[in-house]
Amino acid sequence: LDWFARRDRDRTLLNKYRTIYDQGGLISEAIDLYPLYMLGQGYTLQGDKTAASQVQAVFNKVGIEDIWWEQVIDALVIGDGFVENVFGRGGAEDRLVGLATIPSETIEIDADGRGVVTGYRQVLGGSLSNDVSLAPKQVTDLRFISVAGSKYGKSLIGRALDDIQRDTKTAESTAEAIHRHGYPKYHIAVNESGEHTVSDEEMDAIEAEFEDIEKNNEFVTNGPVRISPLDAGGVQHLSEYNDITLQRLIAALGVPEELLGLRRGSTDATAVSRIEAFYKKIGLFQRRLAACYNRNVIDRITGRPGVVKLVFNDASSKDEMQVSQMLSTIMGATPMDPFAVISRRWAQNRLGVDSDEWEKEEGEK
């Protein structure tokens, strides 16, 4: 193998990544865990309630959770998840009114010498006249794995491709070995002593007697015929070979094997540590998705940057419990004045309470 060979981004390679996701079985399930945990607990729109209602109306119209799911999958499989921003007409040409997903493998990014994006092209095949040009404001580009100097994000499947191929080869070899050696075979020895001459007709007749051997057959023969079992022990150590490549694959995809139903010898403490690390990654990806939409979508819907913020609910309820216990301990230490150590605002902020729902403090209007 040409280890660590350069893989330049092209349509053929991206289509291969897509095929791996579509047909990958375990790989597909592992990739799907990312949007499941990112989106599964829902989201809130914090800020001005009138503007938030305006944003929510657009989200409802386009089916925002379906769009997010597809965009997150594309960002992991292809490296970038592209969505077209649809603007209004007439006096609303700067107001975003809709969203539409774009197959990410069809998009090429144009950039200047400094790496600043100048536009996007949807390459539909055939002549250049079939390409669709899109201005930067018309595209929302989501990426989770970025590399300095590259105008494209990195595919999680691309980074795990070597381990994906190794596991596929091992699984295929295992299945072939089971088919070949997993069933009993027999060696039928005729006239081992060589005292008699056995004709071809007699050999054919003896062979015919053993053609339809089944597991519950019994054999009765005369002296010149001896039956010896082959592959009596089946195929040895298959699980060890499979576990090596499978563990490498799951690690390369960044998913705890417990979430895929693969609990093999790990302790509860080990499983909890892996899952908690996964939650931290999910939290980071949630913040990147929220920042992408706050900047490229929500501000263009409201026309007032920062007036509404998208916040995804924590994927792990354990984090919220830890914060609640921490606040309870601190506030309980000074029962006469629960906010002697921390302020009410700080506590509400840590609990994720929308600022519009904060209680008015003394002296505030």
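We now turn to the structure provided with this report. (Residues numbered from 1 in each chain as written. Predicted model: local features only at pLDDT ≥ 70, side-chain atom pairs only at ≥ 80, totals over all residues. Heavy atoms only, no water.)

### Comments concerning the pattern of salt bridges
Heads up, the condition is: Salt bridges are defined by distance alone: a side-chain nitrogen of Lys or Arg within 4 Å of a carboxyl oxygen of Asp or Glu. Accessibility here uses a 1.4 Å probe with only protein chains present; expressed as a share of the type maximum, an area under 20% marks a residue as buried, one over 50% as exposed, and anything in between as partly exposed. To qualify as a helix, a DSSP run of H or I must reach at least 4 residues; to qualify as a strand, a run of E must reach at least 2; elements of each kind are numbered from the N terminus.
Taken as a whole and assessed by the stated rule, the structure comprises 15 salt bridges. The closest approach of N and O atoms between Arg-6 and Asp-8, which form a salt bridge, is 2.5 Å. Note on Arg-6: relative accessible area 74%, which makes it exposed. For Asp-8, a relative accessible area of 44% gives the class partly exposed. Put simply, Arg-304 and Asp-48 hold a salt bridge, and the shortest N to O gap is 3.7 Å. With Arg-304 in the loop between helix H9 (268–302) and strand S10 (308–312) and Asp-48 in the loop between strand S1 (43–47) and helix H3 (49–62), this pair connects stretches of sequence that are 256 residues apart. Residue Asp-48 is classed as partly exposed on the basis of its relative accessible area of 29%. Each of Arg-18, Asp-74 and Glu-105 takes part in salt bridges that share partners, so that together they form one network.

### Let's talk about the sheet that holds strand S2 (residues 81–87)
The line we're drawing: Two strands qualify as a pair provided that DSSP identifies no fewer than 2 bridges between them. In this analysis, axes come from line fits to C-alpha atoms, helices being fitted only over the stretch in contact, and the angle between any two N-to-C directions falls in the range 0 to 180 degrees. Any two residues having at least one pair of non-hydrogen atoms within 4.5 Å are treated as being in contact.
Strand order across the open sheet formed by three strands is S3-S2-S7, with antiparallel pairing between neighbours. Edge positions in the sheet fall to strand S3 (96–102) and strand S7 (139–142), since each of these pairs with one other strand and no more. The average angle at which neighbouring strand axes cross in this sheet is 25°, direction not considered. Both S2 and S3 contribute to a ladder of six bridges, which runs antiparallel. Looking at the pairing, Glu-84 lines up with Ala-100 of S3. Contacts between helix H4 (residues 64–77) and the sheet are confined to S2, S3 and S7, with S2 contributing the most and set at about 140° to the helix.

### Let's talk about the environment of Leu-33
Mapped onto the elements, Leu-33 comes out in helix H2 (residues 26–39). According to the relative accessible area criterion, Leu-33 is buried, its value standing at 8%. Between the C-alpha atom of Leu-33 and that of Ile-73, which follows or precedes it by 40 residues, the distance is 9.8 Å. Once you skip the residues sitting within four places of it in the chain, Leu-33 turns out to touch Val-255, Leu-259, Leu-260 and Phe-278.

### Here we look at the pairing of strand S5 (residues 117–122)
Here strand S4 (residues 107–111) pairs with S5 via five bridges, running antiparallel. Note on S5: the bridge partner recorded for Ile-109 is Tyr-120. Between S4 and S5, which pair antiparallel in sequence order, lie five residues; one of them, Gly-115, sits at a positive phi of approximately 90°. One ladder, built from three bridges, connects S5 with strand S6 (residues 132–134); its direction is antiparallel. Bridging from a neighbouring strand, Tyr-120 pairs with Leu-134 of S6.

### Regarding a negative patch on the surface
Note the threshold: The residues that make up patches have over 30% relative accessible area and no salt bridge, and they are joined within 9 Å when like-charged or within 5 Å when they are Val, Leu, Ile, Met, Phe, Trp or Tyr. Per-residue and other accessible areas follow the Shrake-Rupley method at a 1.4 Å probe size, with only the shown protein chains counted as cover for residues. Charge assignment in this entry is limited to Lys and Arg as positive and Asp and Glu as negative, and neither His nor the chain termini are counted. Lysine's charge is taken at NZ, arginine's at CZ, aspartate's at CG and glutamate's at CD.
On the surface, Asp-200, Glu-201, Glu-202, Asp-204, Glu-207, Glu-211 and Asp-212 cluster together into a patch of negative charge. Structurally, the position occupied by Asp-212 is in the loop between helix H7 (200–209) and strand S9 (225–230).

### Here's the deal with the packing of helix H1 (residues 11–23) against H2
Just so we agree on the cut-off: Oblique is the label for any angle not covered by the other classes, which are roughly parallel (under 35 degrees), roughly antiparallel (over 145) and roughly perpendicular (65 to 115).
For the pair H1 and H2, interaxial distance at closest approach is 6 Å and the crossing angle is 95°. It follows that H1 is roughly perpendicular to H2 by the angle criterion. Only Ile-27, Ser-28, Ile-31 and Asp-32 of H2 make contact with H1, whose side of the interface consists of Ile-20, Tyr-21, Asp-22 and Gln-23.

### Overview of the sheet that holds S6
Strands sit in the order S4-S5-S6 across an open sheet of three strands; the sheet is antiparallel. Every other strand in the sheet has two partners, leaving S4 and S6 as the edge strands with one partner each. Along the sheet, successive strands turn relative to each other by an average axial angle of 25°, direction set aside.

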